[in-house]
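Inside the fold
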Amino acid sequence: MKKYYLIISIFLAVNILNAQPIKNFSTILSKEYKDKSGNTLTGKGIVIGDIDSGIDIFHPMFFFADGGEYNWIDVNNNGIFDAGIDAVDLNRNGNAEDNEKLNYVEIKDLHKMIDNESLKYQSDLEFPLADINSNGKRDFGEKDGFTETSPTYGEQFFISIDKNKDNKLDIGEKLIALKTSKVKAIREKSGTIRRRGVDLIKAEPDDGGHGTGVCGLMLGGHYGVQKIHGIAPDAEVILANIKYNYTPRFVRSFTDYIKFLRDENVNTILFEDGEWMWEFMDGSTEEEQLVDELTRQGIPIIAAAGNLATGNMHIKDTIKAGVNNEYMFTCNNNKNEPDIDGAFLSFIWSKPDVEPEFILTTPSGNKTASFKSGTEVFVFDGYEIYFAKEISPRGNVMMKMSLSKGINSNAGGRWSVEVKSPDDIIIDGYLADVSQAWGRVSHWNSEKLTDYCTITFPCTSDSVISVAAYVVIKPRKDEENGMLAKYSGRGPLLNGKIGIDITAPAHTTFTTSPKFRYMTFGGTSASAPHVVGTVALLLQYNTALTHSQIRNILRKTAITDSYTGSVPNVMWGYGKLNIEGAIEEVIKNY
């Protein structure tokens, strides 16, 4: 959805302007760690559940290297690998057959961030493939005649074992075939479930690439082969693809997604979505209660805190009894964006016995009648206006509103809402529109704007491990490496709790992108999978670790510095994620 991709596109644009190759990647550990059986910690045996946009199941970073070892044949005997000329000995007879041409897929890096030399095979970035029809490209999927039983769902991918570390495919170096998908199952937006070994090849595409990027950070690639791979590259994943609605609640199937992952017996769950419109964000919803139930059962659940802090979409004010307060907001659309034909507001306060009055003023300056209770839809000044008052199970009150002018019409312009209360109350006002963007579309024009209390649902669950974002590698002009990302959602929660548990790398991280590409990635969408990848490593070492134990390990081992200040606090939680410190803590004490 658009609110996902805004953060991605911002950092793509920023980094294109000053493209310099990245040398250090946030997902690569400085040394090797072993589990209790002596195996390298790579997330092996751990299944991650991800509620997200989907995944590109055809990307080579999402297949295990479990297809066996093969030799390649230097057909023209020149001592170097020539793509499209040399061969892979698939039938192991020592001869180069017509259907054994060895080519490779260049994983495109359009932003020149990883020293990817075009038209030159590099073993730490590229993937050889068996070009069985010698057409010079990779054929894959049902459209090209492949089936669920086809290794890598197309012409087979390989990795090359670069024994002499010269980043080439040399004479005598082996190829390892990729075969099995790391994706166990996908619940599509329609509710259809695709399963590995049954019909995963039919899975819907990942429009926009958000989930593909998230999964790349968690489990993409192959340990010790690519210069860039996920924190837990031998983990598996099950996805619940999010279906968005045009109006709030924008996501109405969250409970179904959680229950699906629960029933699939995943080891840990990641929420890659942030909602704030018409959400109480007080831990009282069915979804938040289900999260609490699963964490009590021991399942670690992690969520991104959201990117709302700099969106100009949250105000907070103390309203004095009998005083009229007016808050201005603008509905507009960015250049090349469709018209904003619907905007939405919610005001939340904690005194259910207090009924403030609300009045809307349209862009033409006309005022509605006041409203304070019940629910109603009415037409005024050419706009359809809706309001409803609701009370959460925890006693918080919400007045939710919508205003529209019909499909494909622009509800744009300067609006205001007046609030007058018979008693003193503290009120939080949230704004959104049909773009579902994190900001820069409809926004408050108010001195009461604040970055605080901007953690989004479902990260507002009482028990979820909430992840904020900090800057690593290639900061923008007004930033420094190590500082909190300006957009990162901040606490406290509406119940007064600090809201953030841990802060992890965000922009600029580097990960997989659909259509055989790498991309830059940012936002709390990037920071949360760093935590989940870490959790997968911890669970490989000790599968009995509970949600509470993992939360405590992450907090205890977190790094503090001059940016974090004294912790815990509402911006950083307990500090910066310390992947290796968490692993060492588990090895020592668990």
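Residues numbered from 1 in each chain as written. Predicted model: local features only at pLDDT ≥ 70, side-chain atom pairs only at ≥ 80, totals over all residues. Heavy atoms only, no water.

Considering the overall build of the chain
- Broken down by element type, the chain carries seven helices and 27 strands.
- In summary, the chain has a C-alpha radius of gyration of 26 Å against a globular reference of 25 Å for 590 residues, a match within 12%.
- Summarising its shape, the C-alpha atoms of the chain cover approximately 90 × 55 × 45 Å along the three principal directions.
- Out of the 590 residues in the chain, the part that is buried amounts to 61%.
- Long-range contacts, defined as pairs at least 24 residues apart, comprise 72% of the intrachain contacts of the chain with a sequence gap of at least 6.
- Surface summary for the chain: the accessible area is close to 22100 Å², and the carbon and sulfur share equals 48%. (Helix = DSSP H or I, 4+ residues; strand = E, 2+ residues; numbered from the N terminus. Rg over C-alpha atoms; globule rule 2.2 N^0.38 Å. Buried < 20%, exposed > 50% of the residue type's maximum accessible area, 1.4 Å probe, protein only. Contact = heavy atoms within 4.5 Å. Areas by Shrake-Rupley, 256 points an atom, 1.4 Å probe, with all protein chains shown as cover.)

Considerations on the layout of surface pockets
- When its volume is computed, the largest pocket comes out at roughly 320 Å³.
- Counted by class, the lining of the largest pocket contains ten nonpolar, four polar and two charged residues. (1 Å grid on protein atoms, 1.4 Å probe; cavity = no way out; pocket = protein on both sides within 12 Å on 5 of 7 lines; lining within 4 Å. Points joined across faces, edges and corners; volume = space filled by probe spheres on them. Nonpolar A, V, L, I, M, F, W, Y, C, P; charged D, E, K, R; others polar.)

As for the pairing of strand 20 (residues 397-404)
- Within strand 20, eight of the eight residues are buried, which leaves it mostly tucked inside the rest of the structure.
- Residues V397, M399, M401 and L403 point to one face of strand 20 and M398, K400, S402 and S404 to the other, with burial holding for every one of them.
- In this structure, strand 16 (residues 342-349) lies alongside strand 20, joined through eight bridges in antiparallel fashion. Bridging from a neighbouring strand, F347 pairs with M399 of strand 20.
- As judged from the eight bridges shared by strand 19 (residues 383-391) and strand 20, these two strands associate in the antiparallel manner. Residue E390 lies in a different strand from strand 20, and its bridge partner there is M398. (Pairing = 2+ DSSP bridges.)

Observations concerning the confidence of the model for the chain
- Across the chain, the average pLDDT comes to 92, with 92% of residues at 70 or higher.
- Every residue in residues 4-19 scores below 50 in pLDDT, and together they form 46 contacts with partners more than four places removed in sequence or on other chains. (pLDDT = per-residue confidence, 0-100.)

Details of the environment of M571
- Among the secondary structure elements, M571 is positioned in the loop between helix 6 (547-557) and helix 7 (579-589).
- A C-alpha to C-alpha distance of 8.5 Å links M571 and G499, two positions 72 residues apart in sequence.
- Sequence-distant contacts of M571, defined by excluding residues within four places in its chain, comprise Y452, A468, L484, R490, I500 and T503.

Observations concerning the sheet that holds strand 7 (residues 158-160)
- An order of 2-8-7 is seen for the three strands of this open sheet, with the pairing classed as antiparallel. The open sheet has two free edges, formed respectively by strand 2 (69-70) and strand 7, since each of these has just one partner strand.
- Across three bridges, the pairing between strand 7 and strand 8 (residues 175-177) is antiparallel. Bridge pairing in strand 8 places S160 opposite L175.

Side note on the sheet that holds strand 15 (residues 324-331)
- Strand order in the open sheet formed by four strands is 17-21-15-23, with antiparallel pairing between adjacent strands. Only two strands of the sheet have a single neighbouring strand rather than two, namely strand 17 (357-361) and strand 23 (443-445). Between one strand and the next, the sheet's axes are offset by a mean angle of 30°, whatever the strand orientation.
- The pairing of strand 15 with strand 21 (residues 413-420) spans eight bridges and is antiparallel. Each residue of the ladder has a partner; that of N324, found in strand 21, is K420. (Axes fitted to C-alpha atoms, helices over the stretch in contact; angles between N-to-C directions.)

A word on the environment of F157
- The topology assignment puts F157 in the loop between strand 6 (127-131) and strand 7.
- Sequence-distant contacts of F157, that is, excluding residues within four places in its chain, are made with F58, P60, V105, F127, P128, L129, R138, T152, I176, A177, L178 and F516.

Remarks on the pattern of salt bridges
- Within the structure shown, the criterion is met by 25 salt bridges.
- Residue K320 pairs with D424 through a salt bridge whose shortest N-O separation is 4.0 Å. One end of the pair, K320, is in the loop between strand 14 (314-319) and strand 15; the other, D424, is in the loop between strand 21 and strand 22 (425-433), and 104 residues separate them in sequence.
- Residue classification places D424 among the partly exposed residues on the basis of a relative accessible area of 31%.
- Between K576 and D561 there is a salt bridge whose closest N-O contact spans 2.6 Å. Here the residue K576 occupies a position in the loop between helix 6 and helix 7, and D561 occupies one in the loop between helix 6 and helix 7, the gap between them amounting to 15 residues.
- On the accessibility criterion, D561 (29% relative accessible area) is partly exposed.
- Several salt bridges converge on common partners, so that one network encompasses E188, R194 and D199. (Salt bridge = Lys/Arg side-chain N within 4 Å of Asp/Glu carboxyl O.)

Topic: empty space enclosed by the protein
- Per the stated rule, a full pass over the model turns up three cavities of 30 Å³ or more.
- The calculated volume of the largest cavity comes to roughly 60 Å³.

Some remarks on the packing of helix 5 (residues 524-541) against helix 6
- At a closest axis distance of 11 Å, the pairing of helix 5 and helix 6 adopts a crossing angle of 115°. Crossing of helix 5 against helix 6: the hand is right-handed. Of the residues in helix 6, those touching helix 5 at V531, T534, V535, L538 and L539 are I550, I553 and L554.
- Taken together, the residues that form the contact of helix 5 with helix 6 break down as seven nonpolar, one polar and no charged. (Left-handed = near helix turned anticlockwise from the far one by under 90°.)

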